[in-house]
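Structural features, examined
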Amino acid sequence: MGIRYLHTMVRVLDLEKSIAFYRLLGLEETRRYDNEGGRFTLVFMAPPRQPECPVELTYNWDGDDGLPSDSRHFGHLAYEVDDIHATCAHLQANGVVINRPPRDGRMAFVRSPDNISIELLQKGGALEPVEPWKSMASTGHW
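Residues numbered from 1 in each chain as written. Predicted model: local features only at pLDDT ≥ 70, side-chain atom pairs only at ≥ 80, totals over all residues. Heavy atoms only, no water.

As annotated in an unreviewed UniProt entry, the protein carries the name Lactoylglutathione lyase and is attributed to Paragemmobacter ruber.

Quick look at the nonpolar core
This is how it is decided: As used in this record, nonpolar core signifies buried Ala, Val, Leu, Ile, Met, Phe, Trp, Tyr and Cys residues forming a set joined through side-chain atoms within 4.5 Å. Each residue is placed in one exposure class: buried if its accessible area under a 1.4 Å probe, protein chains only, is under 20% of its type's maximum, exposed if it is over 50%, and partly exposed if it falls in between. Think of it this way: any DSSP run of H or I at least four residues long counts as a helix, any run of E at least two long counts as a strand, and we number them from the N terminus. When checking whether two residues touch, look at their non-hydrogen atoms; a contact exists if any pair is within 4.5 Å.
Listed in full, the ten residues of the largest apolar core are Val10, Val12, Leu15, Ile19, Tyr22, Leu27, Val43, Met45, Val55 and Leu57. For this core, the secondary-structure elements that each account for two or more residues are helix H1 (15–24), strand S3 (40–46) and strand S4 (55–60). Residue contributions to this core peak at three residues, all from H1. If near-sequence neighbours (up to four positions away) are discounted, Met45 is found in contact with Ile19, Tyr22, Arg23, Leu27, Glu28, Glu29, Thr30, Cys53, Pro54, Val55 and Leu57.

Details of unusual backbone geometry
Here the amide bond leading from Glu131 into Pro132 is cis, since omega sits at 5 degrees, within 30 degrees of zero. Here Pro132 is to be found in the segment after strand S8 (117–122). The phi dihedral of Arg39 is positive, around 60 degrees, even though this residue is not glycine. Looking at where Arg39 falls in the secondary structure, it is placed in the loop between strand S2 (28–35) and S3. One non-glycine residue, Arg49, lies in the positive phi region at around 65 degrees.

Focus: the environment of Glu128
Considering the arrangement of structural elements, one finds Glu128 in the segment after S8. A relative accessible area of 63% places Glu128 in the exposed class.

Concerning the pairing of S3
The following threshold applies: By the convention used here, strands pair only if DSSP detects at least 2 bridges between them.
Among the seven residues of S3, six are classified as buried, and the element is accordingly described as predominantly covered. Relative to S3, S2 runs antiparallel, the two being bridged by seven bridges. Note on S3: the bridge partner recorded for Arg32 is Val43. When S3 meets S4, the two strands line up antiparallel, connected through six bridges. Paired with Met45 across the two strands is Val55, which belongs to S4.

Right under this line is the structure:
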């Protein structure tokens, strides 16, 4: 079973102020994604010569009334896995709840014992959706 660190996500209230802060720390913008349908922007910032170690700044265009007081700043850790179905089966067999099953063959979420949300993403393209995952409902939140 292979795994590779991808990023850590934090929600931000003011995208420009946050970008300026992370630039002060020495991070550089490595990529940006604007999603019209979802009404959000993702900005990835990483240390120079370490583009593989980004922080993902997630900005919701319509605001987020819970920020900064509800601990929603920290979003999740993300890891790329060789086989999302095998990874989820292994975790589930060891007592881990699959909060968001990989119904699409591409993405799943689990939580650590400390309630840290962990995103698992299939390496390369999505796998063919299979049971039990494709019909499994989500549990809790992620």
